[in-house]
Each structure stands twice: as structure tokens, then as C-alpha cells.
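Descriptive analysis of the structure
Now for the letters of each chain:
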Amino acid sequence: MRKPPDFALEGGALDALMPMHLWFGADERVIRVGPTLAKIAGEEQLVGQRLFDIIDLRRPQAAQTVEGVLALAGMRLRLALFRRADLPFRGVVVPMPGGQGGFINLSLGVSFAQAVADCDLTLNDFSPCDQTVDLLYLAEANAVIAQESRNLTARLQRARESAEEQALTDALTGLHNRRAMDATLRQLAGDPVARFGLMHLDLDFFKEVNDTLGHAAGDHVLTHVADILRAEIRTGDIVARVGGDEFVLLFRDCDDAELLQSIADRLIRRLEEPTLFDGQQCRISASAGSVLASRYEVPDPDRMLNDADIALYTSKHRGRAQHTYFDDELLAPVTGTVRPN
Amino acid sequence: MHGLVNRALQGFLTDTYGKDTWEEVRSQAALPFDGFESMLHYDDRLTEQTVSAAAAVLHKDAISLLEDIGTYLVTHPNLEPLRRLLRFGGDTFYDFLQSLDDLAGRASLAVPDLVLPDLHICHLHRNSFVLEVKWPVPGISAVFLGALRALADDYGALAILEFDGAGGGIERIRIELLDTAHASGRHFSLGATAT
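As the structure is a prediction and not an experimental result, all values here were calculated from the model.

So, the overall build of chain B
Per the secondary structure count, chain B includes 8 helices and 4 strands. Going from N to C terminus, chain B has its helices and strands arranged as α-α-α-α-α-α-α-β-β-α-β-β. Buried positions account for 49% of the 195 residues belonging to chain B. Looking at chain B alone, contacts between residues at least 24 apart form 63% of all its contacts between residues at least 6 apart. In the structure as shown, chain B presents an accessible area of about 9000 Å², 54% of it carried by carbon and sulfur atoms.

So this is what it looks like as C-alpha cells:
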């Protein structure tokens, strides 16, 4: 086979094929640079300068002589212009025939987007074979899609929040929440012959469990309490978790203060049985206060909640772990509504 | 049909005619939701229903409506990122036309499940092209006609574009490029980041 003839490319052809080339002579002086590299260098005239004054060769290793640079022929170079140290290039160097120095071809490294923006590069500054423009396109398309995803996430978040607002159950315990309790209470109180009982129950020593054994233990206790409350009420009655460790129970068709007292006693006894969490005993108790709809001419939900609350705090005040049925006497200043803590 | 396509349709109606018009279209098209989500897929039927409902609500024929959508895609400020992505296709309108064959491939690089119309550009002679558009839903060439006219303006090129028939699932647009540098066009710089 015949050896293909040696050939020479004129400058314009070099610029079209490799717009970021740099040719340096045996005397270390730059002989020629491609138009895009010149554009990135900006005002600095590269031609005629010493290679080592303008190029910072970082990897695989620094070199300070033409021979040193040519020893890296064919390797993957990482380098930058000293005046644009923030825009690292990738490159490759080959020796020129006849000891006429070397020829370096460069491309933009990972900072391509910044280089394009800072130096106002256009499509024409890249060889049609260079995929930098495609990378830019992808980076922009990616940003648009990421924004769409963020918008979607924000909409989902809002939808979730509004669903939570409309929810009727407490996420941790599965009991009714305050919203659901309010609705049922209003409905029961609206009955012309309202006969029901309302009990406000607040855990004692729950804060201690939370503080000494942690929130996971606290959550465990709340779930356990919810199970007991659910088990002790009749079908049709309502148990709601209305605060961190506060519960409201509504008893339908109930007009018996002593019944409320015995239910409360049983609940408190069961809640006082210690439970285990991670091998640790969790001990709590509960205070309660209740009121019957029949004691009012027209039961007002807010007033009933308030009266049950006064009875509850009387229980707390009397030493906790007990139940109090609301009585007008509780409003007198002597027993008062002084709250512990 | 990909949510991005449907979302563009919804965006056209809300940005051009307002939220109330969108609500009316949505209810006439019997869409079972408030709006399209860009990252979901929808039955093609819903897209067709939305287009016919919009034509009825706006008292427009479907073809002019679809042309307006094409114009909107390139010119509306809310869709500036899309205009920029299109301008990556070439430095001049001539180059851009040559790049149309790659449009669907480029789009699926960015969004792998986005299927765009299959485009084939035939260069008849020096300044004369025919664009063939293949798409399951008829009327797509009207969208491209509107978008390409707007893009010619964007590049500052003077071009005549018209429908060139349809058949075998393919719709054609004829493009006569009279002057690639007729006006200065709109500014485009590779480096300006879309935000």
C-alpha cells in the first residue's frame, strides 16, 4: 500500500476544524491561536508571547520547557489561561514535525456554560462537531424541566395542606380531630332535646415521658391511650384528640353524672397501667372533667367545653388522676380555676 | 399526549384569554381535573376535546386557533425558555430549518418520555423547503405554520409559509426563504441563562 502524502492545512482550515487551537514554536513563543481561543483571551494578544507566561498547565503535571510539554503528547491535559484561571480547559498536545514546537487543541471543560456567557460565544464559535452547544441546550432544558417539577411539587404540597385542613382524623392516633369533634358537638347540641355527656380528658405526667424517654415514646403512649379510649366507649360515641395530650369524649344518649364518673374512673385506672416502650416503663395518668347537656336550657357547645375545662382543671388542682363533674360551685372563687403549672 | 403539550395548550388559553376562558373550555371539554400537569401523560382524546372546546368557546375555526398556539409558543414572554431552546437549532433561519429533523430527538434528550411530531425537512432547491409533519392528531401543521412564521420573525428572516396539502398521516408546509437577514430579529445569546 502506498503511504498517504504528508499534507499541510492552511490557517482558515485549522480555524474551522479546531477553533481553540494553539501552535507554539521551539522557542516557546506562540505562533498561532484559533479564533475562539483568542475570543476567550479577550484583550490579551496571545501570539508572540511565551507559552509558559499565558498557559497554566495543571495536569497531569506542570512543565516549564517545550520538551517537557511534548513529553505529555497524546495525554489528557487540564490547563487554563492565567488570565482566565476560572475557565479550565481540556486539551491534547502533539509535536509539530521537524522540531517546530507543538500543537495544542483545546475544548471547554465543565465550566462551559460560564465560558459561553462570560465571553459571549455564539454557535459560530464552535466547530459543528463540538457538542458543547448540545450540552448547553441540555443544561437549559434541564433547568426548565426542574422548574416544572418544582411547580408540581409546590402544587402537590398546597393540595396536601388543604386536604389536611379538611381532614377529620388525627394522623398519629386515628382518633377524630378537633374539627370532627366540633362538628359532632354542634350537631348534638342542636337537638331540641339534647341528652349527651361531654368529657375533657388531659394526660398527667405525659410531658415527663416525652422529656425522659423521647418523642417516640411519647407517640407510643398516645397511640396506646387512643386504643384504650376507643375500647372503652360505646359505638356511636366520639373520642377526639384535640391537642397534644388532650382528648374530648362525647357520649350520646347520656344523662347520668354517675355514669360519667364511673366511666372516667375506669379510664383513669386503665391509663395508669404502665406500658413498655423499648424495654422502658412509661407511666402516666389522666385528669378529667365532664358536663351533661341536660343541665343547660339550651346547650351551647362553647360553654359546655368551657365548663368541662373548668371541671378538668379542678381535678388537676385537687391532685390529678381524678375526675370532676362540673358544678356551678366550681365557679366560686374559693375552689377557683387556678391552674397548676 | 405528554403533559407538557397539554400544559402549553392550557397556557395559551389562560395567558391569551384569561382564567375564566380556560374554566369555560375545561368545563365544555369535560376535563375531569382543574388543569393539566406537565409531567403526566393524558389520553389524546382529552387534547382533542380541549382544542374543539376552545374553538367553540372562542368562536374560531380550529386551524386559526392552532396557528395562534404556534405563534404563542415562540412569542409569549412566559415561554421565553422554549424560544431559547428552539434558537439553539441554528445561527440563522436557514440553519434552523436544516435542524428541524433533529427537533424530536433533541426534545427527547431533555425529556425522555416526550414524543414530539416526527419532522422531515426536504430542501427542494436553494431557498425552497417542504416540511413534512407526522403526528397522530390532525391539524398539527397549523401549529408549526404559526411557530415557524414567528421564528422567521425572531431570526429576522423574510419567508413565505403556506400549507402544502396532507395525506397518508403526513401534513406538509411549503417554505420559501426570501431573505435570511431581512430585519435584525430578536436578540439571542447562547450564554444568557433562562431563569
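Now that the structure has been shown, we can carry on.
Topic: the sheet that holds strand β1 (residues 118–125) of chain B
Residues and elements named next belong to chain B. Spatially, β1-β2-β4-β3 is the arrangement adopted by the 4 strands of the open sheet, whose pairing is antiparallel. What marks the edges here is a single partner per strand, and that holds for β1 and β3 (158–167). Ignoring which end each strand starts from, the neighbouring axes of this sheet average 20° apart. Inspection of the sheet shows strand β2 (residues 128–134) paired to strand β4 (residues 170–179) by 7 bridges, in the antiparallel sense. By the bridge assignment for β4, F129 is matched with I175. Along the sheet, helix α8 (residues 140–155) contacts β1, β2, β3 and β4; its crossing angle with β3, the most-contacted strand, is approximately 170°.

Examining empty space enclosed by the protein
Residue and element names in this part refer to chain A. If you walk through the whole model with that rule in mind, you get 1 cavity of 30 Å³ or more. There is about 30 Å³ of room inside the largest cavity. Every residue along the wall of the largest cavity is listed here: V221, H224, V225, L271, E273, T275, C282 and I284. The dominant element in the lining of the largest cavity, judged by the number of residues it contributes, is helix α9 (residues 215–232), at 3 residues. Here the residues of the lining of the largest cavity sort into 5 nonpolar, 2 polar and 1 charged.

Reading the values: rules and limits
Residues numbered from 1 in each chain as written. Chains lettered and ligands numbered in written order. Predicted model: local features only at pLDDT ≥ 70, side-chain atom pairs only at ≥ 80, totals over all residues. Heavy atoms only, no water. Helix = DSSP H or I, 4+ residues; strand = E, 2+ residues; numbered from the N terminus. Buried < 20%, exposed > 50% of the residue type's maximum accessible area, 1.4 Å probe, protein only. Contact = heavy atoms within 4.5 Å. Areas by Shrake-Rupley, 256 points an atom, 1.4 Å probe, with all protein chains shown as cover. Pairing = 2+ DSSP bridges. Axes fitted to C-alpha atoms, helices over the stretch in contact; angles between N-to-C directions. 1 Å grid on protein atoms, 1.4 Å probe; cavity = no way out; pocket = protein on both sides within 12 Å on 5 of 7 lines; lining within 4 Å. Points joined across faces, edges and corners; volume = space filled by probe spheres on them. Nonpolar A, V, L, I, M, F, W, Y, C, P; charged D, E, K, R; others polar.

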